[in-house]
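Below, each chain spelled out in residue letters.
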Amino acid sequence: MYLVTGASGHLGQLVIGNLLETHQIPASKIIATTRKPETLAALKAKGVDVRAADFDDTANLVKAFKGATRLLLISTDAMDRPGHRLEQHKNAIAAAEKAGVEHVLYTSLPKPETSAILFAPDHAGTEKALAASGLKGWTVLRNNWYFENLFYSLPSAIKSGTWYTAAGEGKIAHIARDDLARAAAAALASDKGGKNTYTLTGAQEYTTEEIAKLVSDAVGKPISVVQVPLEGLVQGLVDAGFPEPVARVFGSFDTNTAQGGLAGITGDYRKLTSNDNTPFASWLAKNKQAFLA
Ligand SMILES: NC(=O)c1ccc[n+]([C@@H]2O[C@H](COP(=O)([O-])OP(=O)(O)OC[C@H]3O[C@@H](n4cnc5c(N)ncnc54)[C@H](OP(=O)(O)O)[C@@H]3O)[C@@H](O)[C@H]2O)c1
């Protein structure tokens, strides 16, 4: 039995789609857990076992995970207080162990121990918790930045013609969220045991200037990249209405990029899926209207 947590999220839905379609796993062998089971009526109708589970609700987690052999723990998006997300992930790992799950897979971040991203300790801590657990095996999927993250910065950069960044010449080996779902489904559906770490990246890495040029050419609008110091970037985000802690998290993305935290291409996507990555150019061609919308 294969279990996917966070099954109503973007990645969770794509992983389940891949289990069913790419790997032809019968719906009766899939458990989907979510805080919102009512949103997964279509999967339930197909025969997937849809269960309620919230990592904050430890009383019900073991029951929700019962019967699963391999479990994909999708990292949550809890950013309300430092340490909350790590607590949630530790709750999920402890419950998986108690429920008799053999193998847990986890969606982490590249180089979490040294990353400057302010929430990287959640990922480093979860990886440590997996290593310290009594689970028979685990797989860490260190997911690089989604192409989709460009939706945070590019629509306003396209509109104003200016992209403010503190990332300097740092490169990111972005990857499509679809590709990460394909890789997670392949790792979940395999019978590979033991303790494994994959770093999933795109096939190319780009600086902010290079991304700006590619997007600018695709959408037919000029984008000029302006390098600013970190404090200037944070102040700009605060002036634009972001609460300072959120602005600092965004700022830390650029610091991490400048330090090379998301640079470096690996062959791990191909190793897991036997496929080539979706190239940025074809992803962009599909999504350019959304940038302009
Ligand atoms: N590599 C990257 O560039 C990147 C970008 C964005 C996010 N991420 C990380 O990858 C995760 C999946 O990405 P996504 O695109 O699918 O994001 P998303 O659509 O925002 O999904 C958020 C996920 O968090 C789960 N979640 C939130 N609170 C939870 C709780 N208390 N207990 C259990 N699950 C909880 C949600 O599950 P339900 O709603 O079904 O309960 C859902 O799967 C994110 O949560 C985040 O940690 C990575």
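## Re the sheet that holds strand 2 (residues 30–34)
Line of reasoning, step 1. Across the sheet, which stays open at both edges, the seven strands sit in the order 3-2-1-4-5-6-9 with parallel pairing between neighbours. Edge strands, defined here as strands with exactly one partner in the open sheet, are strand 3 (49–52) and strand 9 (195–200). Between one strand and the next, the sheet's axes are offset by a mean angle of 15°, whatever the strand orientation.
Line of reasoning, step 2. Direction of pairing for strand 1 (residues 2–4) relative to strand 2: parallel, over a ladder of three bridges. From the neighbouring strand, leucine 3 faces strand 2, where its bridge partner is isoleucine 31.
Line of reasoning, step 3. With respect to the sheet, helix 1 (residues 10–21) is in contact with strand 1, strand 2 and strand 4 (70–73), its orientation differing from that of strand 1 by roughly 160°.
Line of reasoning, step 4. Across the face of the sheet, helix 5 (residues 120–132) comes into contact with strand 5 (103–108) and strand 6 (137–143) while running at roughly 165° to strand 5.

## What to know about the site of the ligand
Line of reasoning, step 1. Residues in contact with the ligand amount to 26 residues; listed here are only the nearest, Gly6, Ser8, Gly9, Leu11 and Thr34.
Line of reasoning, step 2. It is helix 1 that contributes the most residues to the shell around the ligand, three residues altogether.
Line of reasoning, step 3. Grouping the constituent residues of the shell around the ligand by class yields seven nonpolar, 13 polar and six charged.

## A word on the packing of helix 3 (residues 58–65) against helix 4 (residues 84–99)
Line of reasoning, step 1. Direction vectors running N to C along helix 3 and helix 4 enclose 45°, while the axes themselves pass 8 Å from each other. By the angle between their axes, helix 3 is oblique relative to helix 4. Helix 3 and helix 4 meet at a crossing whose hand is right-handed. Together, Thr58, Leu61, Val62 and Phe65 of helix 3 and Asn91, Ala92, Ala95, Ala96, Lys98 and Ala99 of helix 4 make up the contact between the two elements.

## Section: helix 5
Line of reasoning, step 1. For helix 5, spanning 13 residues, the distance from its first C-alpha to its last is 18 Å, which sits close to the expected 18 Å at 1.5 Å a residue.
Line of reasoning, step 2. Listed in full, the buried residues belonging to helix 5 are Ala120, Asp122, His123, Thr126, Glu127 and Leu130. Along the axis of helix 5, the buried positions cluster into a sector of 160°, meaning they face one direction only.
Line of reasoning, step 3. Those residues of helix 5 that are buried lie in contact with helix 4, strand 5 and strand 6.

## Thoughts on the nonpolar core
Line of reasoning, step 1. Membership of the largest hydrophobic core comes to 67 residues, with the highest contact counts inside it found for Ala32, Leu72, Val104 and Ala184.
Line of reasoning, step 2. Of the residues forming this core, the biggest block, eight residues, is contributed by helix 7 (residues 177–189).
Line of reasoning, step 3. Once residues within four sequence positions are removed from consideration, valine 104 is found in contact with Leu71, Leu73, Ile93, Ala96, Leu130, Leu135 and Trp138.

## Re the pairing of strand 2
Line of reasoning, step 1. Counted residue by residue, strand 2 has five buried out of five residues, so it is predominantly covered.
Line of reasoning, step 2. The two faces of strand 2 match: Ile30, Ala32 and Thr34 on one face and Ile31 and Thr33 on the other face are all buried.
Line of reasoning, step 3. Considered for its hand, the β-α-β crossover made up of strand 1, helix 1 and strand 2 is right-handed.
Line of reasoning, step 4. Here strand 2 pairs with strand 3 via four bridges, running parallel. Bridge pairing links threonine 33 to arginine 51 in strand 3.

## Considering the environment of glycine 161
Line of reasoning, step 1. Tracing the backbone through its elements, the reader meets glycine 161 in the loop between helix 6 (150–160) and strand 7 (162–165).
Line of reasoning, step 2. When the C-alpha atoms of glycine 161 and lysine 29 are compared, they prove to be 50 Å apart, with 132 residues separating the residues in sequence.
Line of reasoning, step 3. Non-local contacts of glycine 161, meaning those with residues more than four positions away in its chain, are made with Pro222, Ile223 and Ser224.

## Remarks on unusual backbone geometry
Line of reasoning, step 1. The backbone of glutamine 24 sits at a positive phi, close to 55°, despite the residue not being glycine.
Line of reasoning, step 2. Turning to its location among the elements, glutamine 24 is positioned in the loop between helix 1 and strand 2.
Line of reasoning, step 3. Non-glycine residue serine 274 carries a positive phi angle of around 60°.

## Here's the deal with the pairing of strand 5
Line of reasoning, step 1. With six of six residues buried, strand 5 lies mostly within the body of the structure.
Line of reasoning, step 2. Across the two faces of strand 5 the burial is the same, with His103, Leu105 and Thr107 and Val104, Tyr106 and Ser108 all buried.
Line of reasoning, step 3. Taken together, the four bridges between strand 4 and strand 5 define a ladder with parallel strand orientation. Looking at the pairing, leucine 71 lines up with valine 104 of strand 5.
Line of reasoning, step 4. Taking the sense of rotation as the criterion, the β-α-β connection linking strand 4, helix 4 and strand 5 turns out right-handed.
Line of reasoning, step 5. As judged from the six bridges shared by strand 5 and strand 6, these two strands associate in the parallel manner. In the sheet register, serine 108 faces strand 6, and the bridge partner there is arginine 142.
Line of reasoning, step 6. Handedness of the β-α-β unit built from strand 5, helix 5 and strand 6 comes out right-handed.

Thresholds, definitions, all that
- Residues numbered from 1 in each chain as written.
- Predicted model: local features only at pLDDT ≥ 70, side-chain atom pairs only at ≥ 80, totals over all residues.
- Pairing = 2+ DSSP bridges.
- Helix = DSSP H or I, 4+ residues; strand = E, 2+ residues; numbered from the N terminus.
- Axes fitted to C-alpha atoms, helices over the stretch in contact; angles between N-to-C directions.
- Contact = placed C-beta atoms within 7 Å.
- Near = placed C-beta within 6 Å.
- Nonpolar A, V, L, I, M, F, W, Y, C, P; charged D, E, K, R; others polar.
- Parallel < 35°, antiparallel > 145°, perpendicular 65-115°, else oblique.
- Left-handed = near helix turned anticlockwise from the far one by under 90°.
- Expected span 1.5 Å × (residues − 1).
- Buried ≥ 20, exposed ≤ 12 C-beta atoms within 10 Å, placed from the backbone.
- Arc of directions from axis to C-beta.
- Core = buried A, V, L, I, M, F, W, Y, C linked by C-beta atoms within 7 Å.
- Right-handed = clockwise from strand over helix to strand, strands pointing away.

Nothing here speaks to function; it is all geometry.
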